[in-house]
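Geometric and topological summary
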Amino acid sequence: MHYKDWINHLPAYKPARLLTGKATEMVKLSSNENALGPSLRAIEALQNAAETIYRYPDAQAGALRRALAERAGLPPEAVLCGNGSDELVFLICVGFLREGDEVVMAQGTFISYLLRSQAMGAHPVPVPLREYTHDLPAMAEAVTPATRLLFVCNPNNPTGTTNGASEMHDLLAHVSDEVLVVVDEAYIEFATRPDYPDLLSEVRRGRPNLVLLRTFAKIYGLAGLRLGYAYGHPDVIDYLNRVRPVFNVNALAQVAGLAALDDVDHVARSRAHADASRAFFERALTTLGLPYVPGEANFIAVEVGDDAAVTEGLYQRGVMVTPLSGWGVPGAIRISFGLPDQNERCIAALTEVLASLEGNARQP
Ligand SMILES: Cc1ncc(COP(=O)(O)O)c(C=O)c1O
């Protein structure tokens, strides 16, 4: 058989630790899920649709796409739905990358951009973060004639940092139409800065080389259903539609997504919960003397020193977080916001872990 070298060289998928034992005993703060759970309206829609699942889904996800388009002031032809926004990253890479192409991305961002680019035999060009934030001028400089894609994650996972409108527009002005700019806005609903870029208006104006990625996995609390969507120029969306598996979005995801979109109270509660949790962690981490990255998402990145040891110590105490060395942010962990008692448990466990690591370090 003829294996592709660049796929053989990809790291094998290492599944995240699953919740073991009684779910109540472990606090899972490692996947940026919505601690409040899904919208009750989405659950009701799922229950009502359960008896119809012997039928194939609408291959166009028509109702959902129309609803998403209407909200964005775009035609449905400018919307593409995916089996999670992760699938959309994959489809973009399949659609636009050839062996040897370059893909500009941050070093210290969502890992899919790197892995899916490598799967196509393309070369990732990682640009270091500046103060934990995408360095957009440096990313613009990193573009060469071989660049086909440029990924920006805003707010950035795993640091939670954002880029404002002015530098984002400078980037778009600098990059030629030959390069597709993909702005992953998975956490946009949590962003707080007043000058957060309004890139939908760029798409409405017909910019040919911009795709925005969004998801139902974060604020909408539907991570397990797998549902994401993209806004882009109808020509780009049409092109990507040709690569996608016909029934990529299942029937239950389509009805639940529609219902979740309408539940504005659930979205507002989820955002308020993230704001309150962020304030809690910022206070508690300041008390603990741990530097954190000021972010605008539903998680916080914290400088702990030995991220692997701290993650393991927390796990032993029933709290799951994500170590960030493997993400290009060495020495930090990412804590997703949980319910108030879970957040308190996390801080209590972190206090114990730091004391025990300090104690070990002092041993002769
Ligand atoms: C920045 C970013 N983009 C995309 C995704 C993938 O989301 P989905 O569950 O919609 O595939 C994630 C998930 O953690 C993410 O953090």
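Residues numbered from 1 in each chain as written. Predicted model: local features only at pLDDT ≥ 70, side-chain atom pairs only at ≥ 80, totals over all residues.

**Considerations on the sheet that holds strand β4 (residues 123–128)**
Note the cut-off: A pair of strands is considered paired only if DSSP assigns at least 2 bridges between the two. Counting from the N terminus, the helices are DSSP H or I runs at least four residues long and the strands are E runs at least two residues long. Throughout, an axis means a line fitted to C-alpha atoms (over the contacting stretch in the case of helices), and angles, computed between N-to-C directions, take values from 0 to 180 degrees. By definition, residue pairs are in contact when their C-beta atoms, positioned from the backbone, come within 7 Å.
Read from one edge to the other, the open sheet built from seven strands follows the order β2-β8-β7-β6-β5-β3-β4, with strand pairing classed as mixed. Both edges of this open sheet fall to β2 (79–82) and β4, since each of them pairs with a single strand only. Here the average twist between neighbouring strands, direction ignored, is 25°. Relative to strand β5 (residues 147–153), strand β3 (residues 102–107) runs parallel, the two being bridged by three bridges. The partner of Val 103 across the bridge, within β5, is Leu 149. Packed on one face of the sheet, helix α9 (residues 234–243) meets β2, β7 (210–215) and β8 (228–232) and runs near 30° to β2.

**A few points about the site of the ligand**
We count it as follows: To decide nearness, the C-beta atom of each residue is placed from the backbone, and the residue is near a molecule or strand if that atom lies within 6 Å of it. Gly counts as polar in this scheme, as do all residues outside two lists: the nonpolar Ala, Val, Leu, Ile, Met, Phe, Trp, Tyr, Cys and Pro, and the charged Asp, Glu, Lys and Arg.
Taken together, 13 residues sit near the ligand, with Gly 84, Asp 86, Asn 157, Thr 215 and Ala 217 positioned nearest. Here the residues of the shell around the ligand are counted per class, giving five nonpolar, six polar and two charged.

**What about the domain arrangement of the chain?**
Quick note on the threshold: Marked domain ranges trace back to an automatic or database domain assignment.
Each domain of the chain was delimited in the assignment, giving domain 1 (16–38 + 265–362) and domain 2 (40–262). The C-alpha-based centres of domain 1 and domain 2 are spaced at 26 Å. If you look at the interface, domain 1 gives 24 residues, while domain 2 gives 25 residues. Every element with two or more residues in the side of domain 1 that touches domain 2 is listed here: α11 (264–288) and β9 (299–303). The greatest single-element share of the side of domain 1 that touches domain 2, amounting to four residues, is contributed by α11. The residue makeup of the side of domain 1 that touches domain 2, split by class, is 12 nonpolar, eight polar and four charged.

**Examining the sheet that holds strand β11 (residues 322–323)**
For sheets, the rule is that strands pair by backbone hydrogen bonds, running either parallel or antiparallel. Taken together, three strands build an open sheet; the order of strands is β9-β12-β11 and the sheet is antiparallel. Pairing within the sheet leaves two strands with one partner each, and these edge strands are β9 and β11. In this structure, β9 lies alongside strand β12 (residues 332–336), joined through five bridges in antiparallel fashion. The residue bridging Phe 299 from the neighbouring strand is Ser 336, located in β12. Across the sheet, helix α12 (residues 307–316) touches β11 and β12, and the angle it forms with β12 is around 35°.

**Description of the nonpolar core**
Which entries qualify depends on this criterion: The nonpolar core is taken to be a set of buried Ala, Val, Leu, Ile, Met, Phe, Trp, Tyr and Cys residues joined by way of C-beta atoms within 7 Å. To assign burial, the other C-beta atoms lying within 10 Å of each residue's own C-beta are counted, with C-beta atoms placed from the backbone; 20 or more indicates buried, 12 or fewer indicates exposed, and intermediate counts indicate partly exposed.
One finds Ile 92, Leu 149 and Ala 256 to be the most contacted residues of the largest nonpolar core, which totals 107 residues. Sequence-distant contacts of Ile 92, that is, excluding residues within four places in its chain, are made with Leu 149, Val 182, Val 211 and Leu 240.

**Looking at unusual backbone geometry**
Put simply, Asn 154 and Pro 155 share a cis peptide bond, and its omega is -10°. Mapped onto the fold, Pro 155 is located in the loop between β5 and α7 (165–174). With an omega of 25°, the peptide bond running from Asn 157 to Pro 158 counts as cis. Note on placement: Pro 158 falls in the loop between β5 and α7. Look at Arg 226: it is not a glycine, yet its phi comes out positive at around 70°. Mapped onto the elements of the fold, Arg 226 is located in the loop between β7 and β8. The class of Arg 226 is buried, set by 20 C-beta atoms lying within 10 Å.

**Quick notes on the pairing of β7**
With six of its six residues buried, β7 lies for the most part within the structure. Burial along β7 is two-sided: Leu 210, Leu 212 and Arg 214 and Val 211, Leu 213 and Thr 215, pointing in opposite directions, are all buried. By the bridge criterion, four bridges tie strand β6 (residues 180–184) to β7 in an arrangement that is parallel. Each bridged residue has a counterpart across the sheet, and for Asp 184 the counterpart in β7 is Leu 213. Direction of pairing for β7 relative to β8: antiparallel, over a ladder of five bridges. For Val 211, the partnering residue across the bridge sits in β8 and is Gly 232.

**Digging into helix α3 (residues 62–72)**
So the rule is basically this: In this description, one arc is meant: the one made by directions from the helix axis to the C-beta atoms.
Of all the positions in α3, only Leu 64, Arg 65 and Leu 68 are classed as buried. On an axial view of α3, the arc spanned by its buried residues comes to 95°, and they lie on one face. If you follow the buried residues of α3, they end up packed against β2, β8 and α10 (251–262). A positive backbone phi angle near 70° is found at Gly 73, which sits one or two residues after α3.

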